Structure formats: C-alpha cells, structure tokens
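The chain contents come next:
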Amino acid sequence: MATILLNLFDNLRARQPSPDAPHTAFAAPETVQHIRRFHHTLPTYRPTPLIALDQLARTLGVGRIWIKDESKRFDLNAFKGLGASYAVCTTLADHLDMPPPLDFTAFSQPRIRKAIAAITLVTASDGNHGAAVAWMAAQLGCRSKVLLPRGTITARLDAIRTFGGQAIVIDGNYDDAVRRAARQADDQGHFLIQDTAWEGYEAIPERIMQGYLTLLDEALAQMGDTLPTHLFVPCGVGALAASLQAYLVEHFADQRPRLVVIEAAAADCYYRSMRAGGREIIPVKGELATRMAGLACGEPTRPGWEILRRYADAFASARDDLAEAGMRRLAFPHPPDPPIEAGECGAVSTGCLCHMMQSETTQDGRKQLGLGPESHILLISTEGATDPDAYRKTVRRFNDNGSTGR
Ligand SMILES: Cc1ncc(COP(=O)(O)O)c(C=O)c1O
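Keep in mind the model is a prediction, meaning the values are calculated, not measured.

### Notes on the sheet that holds strand β9 (residues 258–264)
Inference 1: A sheet is described by the order of its strands in space; here 7 strands give the open sequence β1-β10-β9-β8-β11-β3-β2, paired in mixed fashion. Here the strands that pair on one side only, and so sit at the sheet edges, are β1 (6–10) and β2 (50–52). Direction aside, neighbouring strands of the sheet carry axes that sit 20° apart on average.
Inference 2: Judged from the 5 bridges that link them, β9 and strand β10 (residues 314–318) form a sheet pairing that is parallel. Paired with Val260 across the bridge in β10 is Ala314.
Inference 3: The sheet strands contacting helix α8 (residues 203–222) are β2, β3 (64–69), β8 (230–234) and β11 (376–381), and the helix crosses β3 at an angle near 135°.

### A look at the domain arrangement of the protein
Inference 1: According to the domain assignment, the protein contains domain 1 (6–79 + 206–400) and domain 2 (81–194).
Inference 2: In this complex, domain 1 contributes 35 residues to the contact, which on the side of domain 2 involves 32 residues.
Inference 3: Roughly 2700 Å² is buried in total at the junction of domain 1 and domain 2, and carbon and sulfur atoms are behind 59% of that figure.
Inference 4: Put simply, domain 1 and domain 2 have 3 salt bridges between them.
Inference 5: The tally of links between domain 1 and domain 2 comes to 14 residue pairs in polar contact (both at pLDDT 80 or more).

### Focus on the sheet that holds strand β7 (residues 191–192)
Inference 1: The strand order β6-β5-β4-β7 describes an open sheet built from 4 strands, whose pairing is parallel. The open sheet has two free edges, formed respectively by β6 (166–169) and β7, since each of these has just one partner strand.
Inference 2: One ladder, built from 4 bridges, connects strand β5 (residues 143–148) with β6; its direction is parallel. The residue bridging Lys145 from the neighbouring strand is Gln166, located in β6.
Inference 3: Its contacts with the sheet place helix α5 (residues 128–140) against β4 (120–124) and β5, and it is angled at close to 170° to β4.

Reading guide: rules and limits
- Residues numbered from 1 in each chain as written.
- Predicted model: local features only at pLDDT ≥ 70, side-chain atom pairs only at ≥ 80, totals over all residues.
- Heavy atoms only, no water.
- Pairing = 2+ DSSP bridges.
- Helix = DSSP H or I, 4+ residues; strand = E, 2+ residues; numbered from the N terminus.
- Axes fitted to C-alpha atoms, helices over the stretch in contact; angles between N-to-C directions.
- Contact = heavy atoms within 4.5 Å.
- Domains from an automatic or database assignment.
- Buried area = accessible area lost by both parts, 1.4 Å probe.
- Salt bridge = Lys/Arg side-chain N within 4 Å of Asp/Glu carboxyl O.
- Polar contact = N/O pair within 3.5 Å; in protein donor to acceptor, adjacent residues only side chain to side chain.

Right under this line is the structure:
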C-alpha cells in the first residue's frame, strides 16, 4: 500500500459566521505600521526577497506562485529574528521605562547599556528562536541562555554560541524544555522570552507574534496590487501561522486569502485536534521525531489555537518526504525559476503545494480549497539550510540520481 504523505482537514467553520471572535486586534493595520517602523531602526533590517516561481506555477497548473525567502532575514537564516527583536526590545523598554516610540538606537545610550548588562534572557527552542534571542542579547549587551530538546544537532547549538549564548541540551522534548525555561526564569530572575503562551504568560508571546507581522506586510507590499488567494504556512506551536492569520482577518475580513497550516506528521497537534472536532487541544507526546526540527512541537500556543481553529481554512499533516521533495524542487527548479536554498521547515510549504496539485489522493482537498488556474499562491519559506549536513545529503541524493537540470 502506498504511504500517505499528506492528510488534510478542511475547516468549513472558517468561513461561517460565528459569534466567537478570538483576539486579533494585535495585528491591526496601525499596529503593524508601528512594528515595521521599529524593525526599520535595526541596523541590519532589510525586507527579505519575494521570488516569483512562474515555471512552477505553469507546471502545477495554478495562476501564480511567490515564495517569501526568510533565509535572508538578519543573517539568521530564519524568520525568528522578527519576533525576538520586537519582544526583547519592548520588554526591556518597559522594564527600563524608556519613552516611546520604540527605537533600537535608543538602546545604545550608556545608562541603558549598563542596566541591560545585568540582565539574562532565557528561552526554550528547537534552534531558530534560540539563535534569534541570543543574537538580540549580543546586540544589546546582555546574557542569554537557551534550552534545547534532546537530539538537537551541533549546528543549531553553534548558531546560538556564535552570539555568545549559553546553549543547554535537556533530557526531554521541546515542550519539556519550555517548562524548564519557565522554571529557571522564575527561580533565577531571568527574563523569559518564549514564543508559546499559557495562562498567565501571554504578553511576551503576543509581542513575538506581532514581530512576525512584518513578514506578511513586506510580502504584500512586494506583491503590489495582487492579493494572494492562498497562503501556505509551516506550523510548530502556531505563533507564526496565527500571526499571519490575524493579519489577514484584521486587514481583509471576509475577503481574506485562504490560509493552509502545515504541520509535521510526527507533531501534528492542530491537525489531530481539528479532526477530533476542534473543541479541545489534543497534545502529541513523546519524541516528536521529524526532520522539520522547528515544527517538532506537540502543544500549541494558546492564542494560536484560538485564532487558527476559528479562521484557518485547512490543516495539513505532512510527512518528512514532502519537506525533502520541497527542498529539491527549490534547489533544482525548472528554468527560468531561480534556485532557492530552503531547509526542511522552509521547504515543506512548497512540497505540500506540489503534492496537492499533482497527487490523485488530494483531489478533494484541491477542490475544497479552490486551488486551480485562478489561484495566486504565497508560500512562506521560513528557513535556509539550518542543518547544512542534512541539506547537502537531501539535495545531493537528487543530484546523484541525475534528475536535476543543473
Ligand atoms: C524554520 C521554522 N519554521 C517554522 C517554525 C514554526 O513556527 P511556530 O512555532 O511559530 O509555529 C519554526 C519554529 O521554530 C521554525 O524554526
């Protein structure tokens, strides 16, 4: 029997009127502009490229495809710096009573730097968020500590240590690391900069989600007059997907593009919970063994769950094969599409789209989502080759088969 690579749940409720409206005001247009102005004050801020994949669109029989390439974000190789920078700077500005508007250059004042030097930021991470927090700490002149799950590869630890961060691998999975980081923050008076929320810890995760809004705001500005019809977004705890979903609700209401949430099959808590009726969260426990390290989260962030279960149009549970297929597609495109380096989490959006358009098993899902010649699809590629050895092996295997055009 053929392996099922993708399971899809269509959320029919997403387009139905409903009295419950989860909190999305954090993504209101004027707030987005305030956040973007802050990002502009960071010395290395540049919008990441938005690349049109016209040949891939022709091959798949859809109108147009664009991919937002977050491997170019702040030299961090992933999108996470957008959230970490905004959350860390707003938190420290509050702590030090710094007057608005939030401006990164204000943190270089000697009085501020002296106060910041005594601070330690702590977080749990699969790698990318931890590197982003360590990067921010290095720029501001404070300390950082990152707790990572068992089995984290050396390249991810190195990315944190390069910025002077302390990287500690714990004997547990990502969700255990989150609980441990929260305890350390309490016990040792550190600032917890976590991208997942729970009761009583909501403000900083919301600021992280707000930081991510810049990604979509940039992409839509780069698309000019065209509004995508569909977004394909990878999902771990769901902070990124929920942030983009909130943006769409706040800016476009009922006219918003459809959003497809993509999880790793080994950690598909949103997909499972939605299949079971969407009333309660069904966590995924255990090793969460997937090559998509950033998606290896078995418990959603609470606001992410509330937003996505109400508004997201579909939930996909994708096997690692689709991430690998996406990596190869992007590395070896059909000319004239340019090659793009995307790691596992980044490439799974492309792998899923290709599979949905080309497999017989996904005909219903395709129809339900209205994917076809009129579709204008925005793929979010959230990272570059953050595991360089695995990237080389995945892409080289394809090359050795002689199947590439390069
Ligand atoms: C590269 C990458 N993509 C996507 C995600 C998923 O983001 P979230 O956990 O906010 O759903 C992560 C999270 O670590 C990541 O590192």
